[in-house]
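Breakdown of the fold
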Amino acid sequence: MTATTIPNTPLDPSTIATGEDAGPTAVQARLPLLPMLFRSEWAKTKTVRSTYWSVLLAAVAMGLGTVIAAIQAKSNKPIVDPVGLTLGGVLFAQLAIGVLAVLVVTSEYSTGMIRSTFVAAPQRRWVIATKAAVVASIAFVAGTIASLGTFLAGQAILGHHGVSITAPGALRSVIGVGIYLALVAIFAVGLGTIVRSSVGSIAILFALLFVLPQILTALPSLHNIAKFLPSTAGQAITHTAATTTSLSPWTGLTVLTFYTAAILAAGLVIVHRRDA
Amino acid sequence: MTTKRKHSPTIEVRGLTKSYGQTLAVDHLSFEVHPGRVTGFLGPNGAGKSTTLRMILGLDTPSSGVALVNGRPFKEHRQPLFEVGALLDAKAFHPGRSALNHLCCLALANGIDRRRVDEVLDLVGLTAVAANRVGGFSLGMDQRLGIAAAMLGDPHTLILDEPVNGLDPEGILWIRTLMRSLAEQGRTVLVSSHLMAEMALTADHVVVIGQGRLVADDSVDSIVSASSRNIVQVRSPQADALKALLDEVGAATTIGADGEMTVTGMPAEQIGDLASANGITLHQLATQHASLEEAFMQLTHDSVEYRATAPAHTTQESAA
Ligand SMILES: Nc1ncnc2c1ncn2[C@@H]1O[C@H](COP(=O)(O)OP(=O)(O)O)[C@@H](O)[C@H]1O
Ligand SMILES: [Mg+2]
């Protein structure tokens, strides 16, 4: 990177104010808070590279479903849940989306940006809620598109074992991935707000969404606990075959929604109380 | 109180207190900041300046007391950038964003026009590097970007925490000129510094704190003239007799080789009165004002001593 230098501009006091009036500046039209915050948070998300990397990574992770499908197609074993099989990449996509959502909050704390943000918008709880809304929207749209793409490609690879989007539960599962990732994003925003540190938040998120379910589902005696974990519960929406080791799709999604609401609420309480 | 202000204060701090665990960072601090002048907020490092400014800006919650901006707590302001602009002591931006994008993000949060973003970039001289990532900026450019952000809403009040820290002379002059012209336009400028010499050149009024407590709140001129560090130079044919008298009342005296006596700790008027009451002739009686730096050293030194020798204060406080 070449060193940038400041152009030597002499200060002209007459350019300081937009108006000549030196008195208190008239406050411009009172604009509604939420649209302003949404535009600001949207612009912030759009103007950092990590957003694009995370979304790309999430899409690639979803695409793993086609690889799983290809392996399955070769082995020629009977397939119980062809829909859930091609959507298996959600296990990794959730991590990419989770990192994105955590960073939307924690990068502001680590860089000091949060203070600029809160001086411009002291309504901290709305700021955090808006961040959640922005990343949830991105997660839902990107997640659903990637999920649909993987589903279609994956089913094609499965050949005669594959199903169409009109098959029972197929469309629900495909859109369910988008909903699931949106909830994970909100969950991660809440977590990042509570923990504040990027590394700490990401470690907790990975442990909670990825490591813990792997451990618990590996132990048959703990299945009854495992199915109530946030990620295991939420991912039920991406499966079409009911099993005894998981909740039903909508029950599972409801459980995840409760976790998400609780952690976001905790984040909102904390951001309001704690010093920035 | 010297003159009656025609404006009500823009910033009011009343009994502001902040403790971080055992550390009492700000201790029952009260002062007002008025428009039309540069108010220096002085104190040695760790005195509690940044903490106070963060509380004024609603970033830190006071343990007790209030800070009002335009009569209301900062947190109650909507679109606050139109009223208050702030430059904080630490970096307050994401290094991966360009200067332009950083300012746009903040502007959008208050419904500020894109045109104004270009204006403030121009004002601080960053137009040419607006598209560069701010992570590659020098300290001087960081400060300029912070000033640009503070000026986004063309606010009536500016709060700047150590704006000249680490700047080259050119940058210091630039910020000083900016602050002076903002105050001349009738705006309120509150600027913190631990550098007294800098404030002597910039501020009209100073609020001095030491260990979180108010030490002085006065115009720069009266702080300097009231300082007991002021040196009075005296010439007298009866120098030895005068020295004895002065020593008796506790003023510090030294007599130079040329017979000139320098007196500290007593104003010239009192020395003159003392001399005439005792029939001593004076040939010269002149005050040499201490610099603001010296006045400040003395003020903060006194406040430290006061704390060390006045344990009764704490009991008084808990009773209150
Ligand atoms: N977030 C914090 N946590 C703990 N102590 C703090 C915090 N911020 C400031 N302090 C302490 O409060 C005191 C005042 O600090 P500060 O306001 O930064 O002083 P100044 O800006 O005048 O140099 C210092 O003793 C500092 O260590
Ligand atoms: Mg400081």
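Located above this text is the structure these notes cover.
This section reports on the structure supplied with the text. It should be emphasised that the depicted structure is a prediction, and the values quoted were computed from it without experimental measurement.

Side note on the nonpolar core
- Counting 139 residues, the largest nonpolar core has Ile 56, Leu 57, Leu 103, Ile 147 and Leu 152 of chain B as its most contacted members.
- The dominant element in this core, judged by the number of residues it contributes, is helix 7 (residues 170–195) of chain A, at 14 residues.
- Judged by nonpolar contacts, the second largest core, of 14 residues, contains Val 232, Leu 246, Val 263 and Ile 271 of chain B.

Here we look at the sheet that holds strand 6 (residues 157–161) of chain B
Residues and elements named next belong to chain B.
- Spatial ordering of the open sheet is given by 5-6-7-3-8-9, a layout of 6 strands whose pairing is mixed. In this open sheet, the two strands that pair with only one neighbour each are strand 5 (84–87) and strand 9 (213–219). Ignoring strand direction, the axes of neighbouring strands in this sheet form an average angle of 15°.
- In terms of strand pairing, strand 5 meets strand 6 through 4 bridges, oriented parallel. Its bridge partner lying in strand 6, Leu 87 is registered against Leu 160.

Quick look at the interface of chain A and chain B
- Contacts between the two partners involve 51 residues from chain A and, on the opposite side, 63 residues from chain B.
- Here chain A is connected to chain B by 1 salt bridge.
- Between Lys 18 of chain B and Asp 275 of chain A there is a salt bridge; the shortest N-O distance is 2.7 Å.
- One can count 13 residue pairs in polar contact (both at pLDDT 80 or more) joining chain A with chain B.
- Counting residues per element, the ones that place at least two in the side of chain A that touches chain B are helix 1 (33–46), helix 4 (90–111), helix 5 (113–120) and helix 11 (249–273) of chain A.
- Sort the elements by how many residues they give to the side of chain A that touches chain B and helix 5 of chain A lands first, with 7 residues.
- Counted by class, the side of chain A that touches chain B contains 24 nonpolar, 19 polar and 8 charged residues.

A closer look at the environment of Arg 125 of chain A
Residue and element names in this part refer to chain A.
- In this fold, Arg 125 is placed in helix 6 (residues 124–158).
- Residue Arg 125 is classed as partly exposed on the basis of its relative accessible area, which comes to 42%.
- Ignoring anything within four residues of it in the chain, the contact list for Arg 125 reads Leu 268, Val 271 and His 272.

Rules of the game
Residues numbered from 1 in each chain as written. Chains lettered and ligands numbered in written order. Predicted model: local features only at pLDDT ≥ 70, side-chain atom pairs only at ≥ 80, totals over all residues. Heavy atoms only, no water. Core = buried A, V, L, I, M, F, W, Y, C linked by side-chain atoms within 4.5 Å. Buried < 20%, exposed > 50% of the residue type's maximum accessible area, 1.4 Å probe, protein only. Helix = DSSP H or I, 4+ residues; strand = E, 2+ residues; numbered from the N terminus. Pairing = 2+ DSSP bridges. Axes fitted to C-alpha atoms, helices over the stretch in contact; angles between N-to-C directions. Contact = heavy atoms within 4.5 Å. Salt bridge = Lys/Arg side-chain N within 4 Å of Asp/Glu carboxyl O. Polar contact = N/O pair within 3.5 Å; in protein donor to acceptor, adjacent residues only side chain to side chain. Nonpolar A, V, L, I, M, F, W, Y, C, P; charged D, E, K, R; others polar.

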